[in-house]
Amino acid sequence: KFQALSVWKNPFAVMKGAVHYAKKTSKDGKVVAVLTMDNPPVNPLSSGVRAGLDEHTKAALADAAVTAIVVNGANGAFCAGADISEFSGGMKGPSLLDVIAALEASSKPVVAAIDGVSLGGGLEVALGCHWRLASTRAMAGLPEVNLGLLPGAGGTQRVPRLVGVEGAIDFLCSGAPLPAAAAAKAGIYDTVVEGDAAAFLQAAIDFAASKAGSDLAGRRLSASQAKAGDPAVVEKKAKQFGMARAGEIAPQAIIRCILASTDRDFAAGMKVESTEFAALMKGDQSKALQYMFFAERECSKIPGLKEKPGPLNAAGIVGAGLMGGGIAMCCAEAGMEVVLMDISQDALDKGMAVIKKNYARSVERGSKKQAAVDKILARIKPSTKYEDFAQCDLVIEAVFENMKIKKEIFAEFDRVCKPGCILASNTSGLDIDEIASATKRPEDVIGCHFFSPANVMKLLENVRGSKSSTRTIATAMAFGKKIKKITCLVGNCPGFVANRVMGVSGAQELLQNGTMPEDIDASAEEFGMRMGPFRMNDLVGIDLFGRERARSGKAMPEKIIADAMFAAGRYGQKVGKGFYKYDEKRRMSKDPEADQLIQKIWETNGVKPRKLTKEEIVQALYFPVINEGFKCLEEGIAIRPSDIDVCLVFGYNWPRFRGGPMQYATSVGLKTVLEGLPKLGVEPSNLLKLCVEKGWNLNSKELAQHTAAKSKL
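Owing to the predicted nature of the structure, the values given are computational and were not obtained by experimental measurement.

Draft legend 1. Structural view of the sheet that holds strand S6 (residues 117-119). Strand order in the open sheet formed by three strands is S6-S8-S9, and the pairing between neighbours is mixed. Each edge of the open sheet carries a strand with a single partner, namely S6 and strand S9 (178-179). Direction of pairing for S6 relative to strand S8 (residues 139-141): parallel, over a ladder of three bridges. Considered in S8, the bridge of Val-117 is made with Met-139.

Structure representation (structure tokens):
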């Protein structure tokens, strides 16, 4: 069946990727050209791939022996979309629009044989083909909205012509991929085929051959017209995605493009898509979201770390409260055997009850099946004895912030845990080295700082102690990957990175000086924060830091509003009252009692209520945060500026479309930040001053060299 094979060789050395061309024979003896995209690992549409598709489509059309064309991908994927690295440097070779147009205009049937992912531009290539066959391993998605963009190669015009306006809005605005069966049900794939890769390809060749000589006019999506959707449903969906992606401009641009597919021809609709795409591409949001795309992947890379991680089959957790229970859920869901330990049987029973309640809600919502939940729960063994940690590969202390108690727990870890077991603390800011001093094996000790609720929040800060071994670091990083967390290595200092940096937010300063919590929260949320600082305090628990401040004698409830909240038993959502009040379903409302407490402190301190603009509040909130980020770099606590942004985006829900505080500083200008800090009574970081003086930006080689020399990581 194999007749010939050639490989497209790039005429330009800078081009990446290739397309293999083979002529194969169907079961009924017809010759079919197979164009295989090959650009490891997932065949992005780099210049060489586009050029190869263009050249080999022409070759197949010119070859009288070829009756049909199959487009597929190597490396276990069809195509994962555009090569994002080409966005900033300019693209060489034929445009993707021209490549897709040529496939669609082909006089011979073109079948996309999709085995693996078809995402972004990869799916747009498939949409330009006349038929789309998928293996059971296939996945379809247009995730451009996650990069602050829209599908720019006809996706906003072809999808609604294929699946309808309402389905197109859901598919494109969610950015979530669909598995093969769901994509076929939605109408994106024509057929799903069983079998291994070789059998699937042969099925695609046979299918393509069966379509030889077919009338293709009705298979060209650009020749059809999308039907208008129900205006009420469209409006509802626009509001839905406006809330789900608050502050992001791409979803509404996508909807405008989709609607354009209903009242004009394809060429006119493409002009709308092109205009909207160009506007998004030039904007700060797409730059920030693309920056975050790379930052997420970079943060887990530790320069110079070559050590292999230890085993991660069993985990032990001390503390069955909200945090410990959440960590237990993460571990059990990752397939680890879990010992959840608490010295109090009552606390242990309550903790297990909360875990079961959380999973019951998941089953009720349909996000998990009961059978899967039963397997997860079977992996969690409740215990009141440290001795049950004897076979654990990693143990995590997750009790409240009290150094004496934590050291007592680590002494117990030292006593019962096997050699090589990783001894981790979930402390949110205490000294890892002091905790490690309670053991005879400080090299096995590291911080594993989860964010609350641990089973929901994606960030894991691994905190390197001065004696943490490379094996311990490698294992902690592998642990984060295993439980599907965004994992970042940070240095040991009070608050580490996320809590330290956000800890200097101007929220308390604004509150103490006459601005009400709801005004501060509203400004923060309009800026893009999912939750303002005082709503966040209520969620995490005012007692988290309040208890330790009271114990250490630092609390001043007569002058400090947060201390007064703690003293009044207003711990937040867990007790139904904090800066706001909450009903039994944790629905928030304004609380006159909290307002009275705040106003009483103001009167005691001689402070008058004041109204600031939202811009003034945002600068007062976040310019100090940016400054503290520079201090973390200055002190070697963070490896890269982007690591700080990752910690804030995933630890504090800093808006992705702002790119984190360091990227936000870039967008407003480092000089603007430097000049604004003294007005807030904040001394600028020496590194920030140096960057402005030298004209360095956060991507400067000089800054990277300067911070690498100071790094403690």
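Draft legend 2. Examining the sheet that holds strand S11 (residues 314-318) more closely. With mixed pairing, the eight strands of this open sheet are ordered in space as S13-S12-S11-S14-S15-S16-S17-S18. Unpaired on one side and paired on the other, strand S13 (380-383) and strand S18 (486-491) mark the two borders of the sheet. Shown here is a sheet whose adjacent strand axes are inclined to one another by a mean of 25°, direction ignored. Of the strand pairs in this sheet, strand S14 (residues 394-397) and strand S15 (residues 422-425) are connected by four bridges, and their pairing is parallel. Bridge pairing in S15 places Glu-397 opposite Ser-425. Of the strands in this sheet, strand S12 (337-341) and S13 are in contact with helix H14 (residues 345-365), which crosses S13 at around 160°.

Draft legend 3. Examining the nonpolar core more closely. Counting 93 residues, the largest nonpolar core has Phe-389, Phe-413, Ile-561, Tyr-622, Phe-630, Ile-644 and Trp-654 as the members making the most contacts within it. Take this core: its biggest share by element is eleven residues, from helix H26 (residues 614-634). If we skip the residues at most four places from it in the chain, Phe-630 touches Met-662, Leu-670, Ser-685, Leu-687, Leu-688, Cys-691 and Leu-698. Residues Tyr-21, Ala-153, Leu-172 and Ile-258 belong to the second largest nonpolar core, which totals 61 residues.

Draft legend 4. Molecular detail of the pairing of strand S16 (residues 445-450). The buried fraction of S16 amounts to six of the six residues, a majority that puts the element mostly inside the structure. Side chains Val-445, Gly-447 and His-449 project from S16 onto one buried face, and the interleaved Ile-446, Cys-448 and Phe-450 project onto a second face that is buried too. Judged from the three bridges that link them, S15 and S16 form a sheet pairing that is parallel. Looking at S16, one finds that Ser-425 is bridged to Gly-447. As judged from the four bridges shared by S16 and strand S17 (residues 459-464), these two strands associate in the antiparallel manner. Considered in S17, the bridge of His-449 is made with Glu-461.

Draft legend 5. Spatial organisation of the packing of helix H4 (residues 121-128) against helix H5 (residues 155-163). Interhelical geometry of H4 versus H5 gives an angle of 55° and a closest axis separation of 10 Å. In terms of their interaxial angle, H4 and H5 are classed as oblique. Helix-helix and strand crossings are classified by hand; for H4 and H5 the assignment is left-handed. Counting all contacts with H4, which are made through Glu-124, Leu-127 and Gly-128, the residues of H5 involved are Gly-155, Arg-158, Val-159 and Leu-162. Counted by class, the contact of H4 with H5 contains three nonpolar, two polar and two charged residues.

Draft legend 6. Just the pattern of salt bridges, in detail. Throughout the structure, instances matching the rule amount to 43 salt bridges. Linking Asp-54 and Lys-58 is a salt bridge whose minimum nitrogen-to-oxygen distance equals 3.3 Å. Placement of the pair is Asp-54 and Lys-58 together in helix H1 (residues 47-62), with a separation of four residues, close to one helical turn. A salt bridge links Lys-407 to Glu-434, with the nearest nitrogen and oxygen atoms 3.6 Å apart. Residue Lys-407 is located in helix H16 (residues 403-416), and its partner Glu-434 is located in helix H17 (residues 432-436); the two are separated by 27 residues in the primary sequence. Since its relative accessible area comes to 26%, Lys-407 is described here as partly exposed. Among the charged side chains, a salt-bridge network with shared partners connects Glu-298, Lys-301, Arg-640 and Asp-643.

Draft legend 7. Expanded view of the packing of H14 against helix H15 (residues 370-378). The N-to-C vectors of H14 and H15 enclose an angle of 160°; their axes lie 10 Å apart at closest approach. In terms of axis orientation, H14 runs roughly antiparallel to H15. Note that H14 runs across H15; the crossing there is right-handed. Every residue of H15 that contacts H14 at Ile-355, Lys-356, Tyr-359 and Val-363 is listed here: Gln-370, Val-373, Ile-376 and Leu-377. Classifying every residue of the contact of H14 with H15 by side-chain character gives six nonpolar, one polar and one charged.

Draft legend 8. View of the pairing of strand S2 (residues 18-25). Extensive coverage of S2 is indicated by the burial of six of its eight residues. Relative to strand S3 (residues 31-38), S2 runs antiparallel, the two sharing eight bridges. When the sheet's bridge partners are listed, Thr-25 is paired in S3 with Val-31. Linking S2 to S3, which pair antiparallel, is a turn of five residues; within it Gly-29 sits at a positive phi near 90°.

Draft legend 9. Just the packing of aromatic side chains, in detail. Applying the stated rule across the entire model yields 14 aromatic pairs. Members of the aromatic cluster, each reached through a chain of ring pairs, are Tyr-386, Phe-389, Phe-410 and Phe-413. Taking NZ or CZ as reference, Arg-297 lies 3.7 Å from the ring centre of Phe-293, over its face.

Quick notes on the rules
Each chain has its residues counted from 1, following the order in which its sequence is written. Residues qualify for local features only when their pLDDT is at least 70, as the model is predicted, and side-chain atom pairs are given and counted only at 80 or more; totals for whole chains, interfaces and linings, by contrast, use all residues. Neither water nor hydrogens contribute to the side-chain values; these are computed over all heavy atoms in the structure. The rule for pairing is simple: two strands pair if DSSP sees at least two bridges between them. Think of it this way: any DSSP run of H or I at least four residues long counts as a helix, any run of E at least two long counts as a strand, and we number them from the N terminus. The convention used is that axes are lines fitted to C-alpha atoms, helices contributing only their stretch in contact, and that angles between N-to-C directions extend from 0 to 180 degrees. Two residues form a contact once any of their heavy atoms are found within 4.5 Å. We define a nonpolar core as any set of buried Ala, Val, Leu, Ile, Met, Phe, Trp, Tyr and Cys residues linked to one another through side-chain atoms lying within 4.5 Å. Residue burial is assigned from relative accessible area. The probe radius is 1.4 Å, only protein chains are included, and a residue is buried under 20% of its type maximum, exposed over 50%, and partly exposed in between. When an angle is under 35 degrees it counts as roughly parallel; over 145 it counts as roughly antiparallel; between 65 and 115 it counts as roughly perpendicular; any other value is oblique. Crossings are sorted by hand: turned counterclockwise from the far helix by less than a right angle, the near helix makes the crossing left-handed, and turned clockwise it makes it right-handed. In this count, Pro and Cys sit with the nonpolar residues alongside Ala, Val, Leu, Ile, Met, Phe, Trp and Tyr, while Asp, Glu, Lys and Arg are called charged and the others, Gly among them, polar. Salt bridges are defined by distance alone: a side-chain nitrogen of Lys or Arg within 4 Å of a carboxyl oxygen of Asp or Glu. Ring geometry is summarised as follows: Phe, Tyr and Trp rings, the Trp one being its six-membered ring, pair when their centres sit within 6.5 Å, and such pairs are stacked at plane angles under 30 degrees, edge-to-face over 60 and tilted between the two. Counted as over-ring charges are cases with an Arg CZ or a Lys NZ within 6 Å of the ring centre that also lie within 35 degrees of the ring normal.

So yeah, pure geometry; function would need other evidence.
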